[in-house]
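The primary structure of each chain is shown beneath.
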Amino acid sequence: MNALVRVSAVLTNAPFLLNVDCDHYINNSKAVREAMCFLMDPQLGKKLCYVQFPQRFDGIDRHDRYANRNIVFFDINMRGLDGIQGPVYVGTGCVFNRQALYGYDPPVSEKRPKMTCDCWPSWCCCCCGGSRKKSKKKSEKGLLSSVFYPKKKKMMGKNYLRKKGSGPVFDLEEIEEGFEGYDELEKSSLMSQKNFEKRFGQSPVFIASTLMEDGGLPEGNNSTSLIKEAIHVISCGYEEKTEWGKEIGWIYGSVTEDILTGFKMHCRGWKSIYCMPKRPAFKGSAPINLSDRLHQVLRWALGSVEIFFSRHCPLWYGFAGKLKYLERLAYINTIVYPFTSIPLLAYCTIPAVCLLTGKFIIPTLTNLASVWFLALFLSIIATGILELRWSGVSIEDWWRNEQFWVIGGVSAHLFAVFQGLLKVLAGIDTNFTVTSKAADDAEFGELYLFKWTTLLIPPTTLIILNMVGVVAGVSDAINNGYGSWGPLFGKLFFAFWVIVHLYPFLKGLMGRQNRTPTIVVLWSILLASIFSLVWVRIDPFLPKQTGPVLKPCGVEC
């Protein structure tokens, strides 16, 4: 992507860039125009780094078994971030401001001058007189600087001379000449131009294009020289000893470079916009197979773990910048969610352990603790209902998202944590595999295709463990009589809650069922096991004795 940015700057140098994945296409011809309405706004546009569109997909089954649409994320979370500092960059369906990719800071809004009062007596505003003199001097200095010096912009905290228009501000060969006629401020600005080569690379044409805020090509360049320069800026060694991938362009260091890139822009003070037209702007394909979907989630989670262990972690990076507090919390959430797989795995295991050992999952609570627990539980439910009402997301989409959060949490997220630790501590790197998104000839043929992978082991173990726990708990209640059925229902509730969340995973394991639905097979196995235990307990074929039971008791009689 960085090579394409440099080539486009040399050949056309348009002020805006459209980023779309190779498996996406434009579904709305007016989408780019809607993005331009934000980016070319006279007040807001200069401070926008990108306009992000939601991802929409084709070829997904009607029930969206594995939550490929990510409706909760794109229709709730991203819209919520739009009211803070803007949505995160998700890697596709995004229109960029080229200046934000170059590492420049957004323009600073000029503060309104303080109101001075001439209606009070001179003895009452003697302090104001001094401030008026200072403000007068500052205004005169700003006027002189605006007359003699071109427009300045900041890049990573440093001032650089910029100019609107089609021509370059300075010729790089003339920077070192003629310092005698300049004061110290302008001389330091001229000398700072030499840092451009250290940041952008050895390309005068490309550096000149970065100085053009409104785009356009430098004057006096023909097509032949531009093509040669374009070949030069995409060479393998061009980015060596430059800021590309570190502070400029797409940031390297993680397989989820989109999160890093947007995070760096927001830390500099840029804002982003979330645009949701009625007709989806872009559409693409998604992996509908269980194994491919888990590998995709694994790659995303591994990228978040890599960011967590890097210097760009939102927990400690950029506090001297202009990132808003709530926006930082959103970025922290994007990198710490894989670590929730550890308590989630414990929560999915404890119900089965309780059924096997006969102990309850929740200890006895006091009245005050029960009130706090109930209040927390009701607040979570109320928040979910308000989000659904506000966003228009259906309950089915929300439930699919909850189910796959558990499936991905106990499989892909867990593996991502361990792979990230191995990479950081032992230096063992993992191979990057592109997610397969090809569909079968039959409709949703890939949905029923079974591909074995180690990611399937933890969820499969949890399903078997909870089903065995249910059978063991019911058999224990049958053996111990009616008094043990009361505590059993609480244990069964949590065990069934885990099984219901993992049900789409179980359907993916069993593949296509031509005649017998998967739910029938599942309940048949479960009910058959329980019925067998009840049958053994009742023993209907054994003769019943009506009289006293006479048994030899030996000495103990």
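Treat the numbers as computed from the prediction; the structure is a model and nothing was measured.

A.B. asks: Mind laying out the sheet that holds strand 1 (residues 16-19), listing which residues take part and the relevant values?
C.D. replies: What holds strands together in a sheet is hydrogen bonding between their backbones, with the strands either parallel or antiparallel. Ordered in space as 1-5-3-8, the four strands form an open sheet in which the pairing is mixed. Every other strand in the sheet has two partners, leaving strand 1 and strand 8 (271-274) as the edge strands with one partner each. Put simply, the sheet's adjacent strands are angled 20° from each other on average, direction ignored. Taken strand by strand, helix 2 (residues 31-39) contacts strand 1, strand 3 (48-52), strand 5 (94-97) and strand 8, and its axis lies near 155° from that of strand 3.

A.B. asks: Can you explain the UniProt feature "transmembrane region" (unreviewed entry) in the chain? Please cite residues and give values.
C.D. replies: Under the local residue numbering, the UniProt record ascribes the feature "transmembrane region" (unreviewed entry) to residues 335-356, 368-386, 406-426, 447-468, 488-506 and 518-538. Structurally, residues 335-356 comprises 82% helix and 0% strand, and the distance from its first C-alpha atom to its last is 36 Å. Structurally, residues 368-386 is divided into 100% helix and 0% strand, and its ends, taken at the C-alpha atoms, are 27 Å apart.

A.B. asks: Before we move on, can you summarise a nonpolar patch on the surface with the specific residues and values?
C.D. replies: On the surface, Phe373, Leu374, Phe377, Leu378, Ile381 and Ile385 cluster together into a nonpolar patch covering about 590 Å² of accessible area. Take Ile385: it is sitting in helix 14 (residues 367-391). For Ile385, a relative accessible area of 48% gives the class partly exposed.

A.B. asks: Now, about the nonpolar core: what can you tell me, with residues and values included?
C.D. replies: As a rule of thumb, nonpolar side chains are buried together in soluble globular proteins. Within the largest apolar cluster, 48 residues are counted, with the highest numbers of intra-cluster contacts made by Tyr50, Phe96, Tyr102, Phe200, Phe206, Trp244 and Met265. The next biggest cluster of nonpolar side chains, apart from the first, holds 35 residues, and it includes Tyr66, Cys348, Val498 and Leu506.

A.B. asks: Please give an account of helix 1 (residues 2-11) that cites residues and values.
C.D. replies: Here helix 1 lies mainly inside the structure; seven of its 10 residues are buried. Along helix 1, the residues classified as buried are Asn2, Val5, Arg6, Val7, Ser8, Ala9 and Val10. Tucked inside the fold, the buried residues of helix 1 contact strand 1, helix 4 (98-101), helix 8 (204-210) and helix 9 (223-233). A positive backbone phi angle near 60° is found at Asn13, which sits one or two residues after helix 1.

A.B. asks: Tell me what's going on with the sheet that holds strand 9 (residues 282-285), and back it up with residues and numbers.
C.D. replies: What the three strands build is an open sheet, ordered 2-9-4; its pairing is mixed. Strands with a single pairing partner mark the edges of an open sheet, and in this sheet they are strand 2 (24-26) and strand 4 (56-58). With strand direction ignored, the average angle separating the axes of adjacent strands in the sheet is 35°. Pairing of strand 4 with strand 9, which is carried by three bridges, proceeds in the parallel orientation. What sits directly across from Asp58, in strand 9, is Ser285.

A.B. asks: Please give an account of helix 14 that cites residues and values.
C.D. replies: Across its 25 residues, helix 14 extends 36 Å between first and last C-alpha, which sits within 8% of the 36 Å expected from 1.5 Å per residue. Regarding helix 14, the residues found buried are Gly384, Leu388 and Ser391. In this structure, the buried residues of helix 14 make contact with helix 3 (71-81) and helix 15 (395-409). Gly392 lies just past helix 14 and shows a positive phi near 80°.

Reading the values: the criteria
- Residues numbered from 1 in each chain as written.
- Predicted model: local features only at pLDDT ≥ 70, side-chain atom pairs only at ≥ 80, totals over all residues.
- Heavy atoms only, no water.
- Pairing = 2+ DSSP bridges.
- Helix = DSSP H or I, 4+ residues; strand = E, 2+ residues; numbered from the N terminus.
- Axes fitted to C-alpha atoms, helices over the stretch in contact; angles between N-to-C directions.
- Contact = heavy atoms within 4.5 Å.
- UniProt positions renumbered as here; feature names shortened; annotations may be inferred.
- Patch = residues over 30% accessible without salt bridge, like charges linked within 9 Å, V, L, I, M, F, W, Y side chains within 5 Å.
- Areas by Shrake-Rupley, 256 points an atom, 1.4 Å probe, with all protein chains shown as cover.
- Salt bridge = Lys/Arg side-chain N within 4 Å of Asp/Glu carboxyl O.
- Buried < 20%, exposed > 50% of the residue type's maximum accessible area, 1.4 Å probe, protein only.
- Core = buried A, V, L, I, M, F, W, Y, C linked by side-chain atoms within 4.5 Å.
- Expected span 1.5 Å × (residues − 1).

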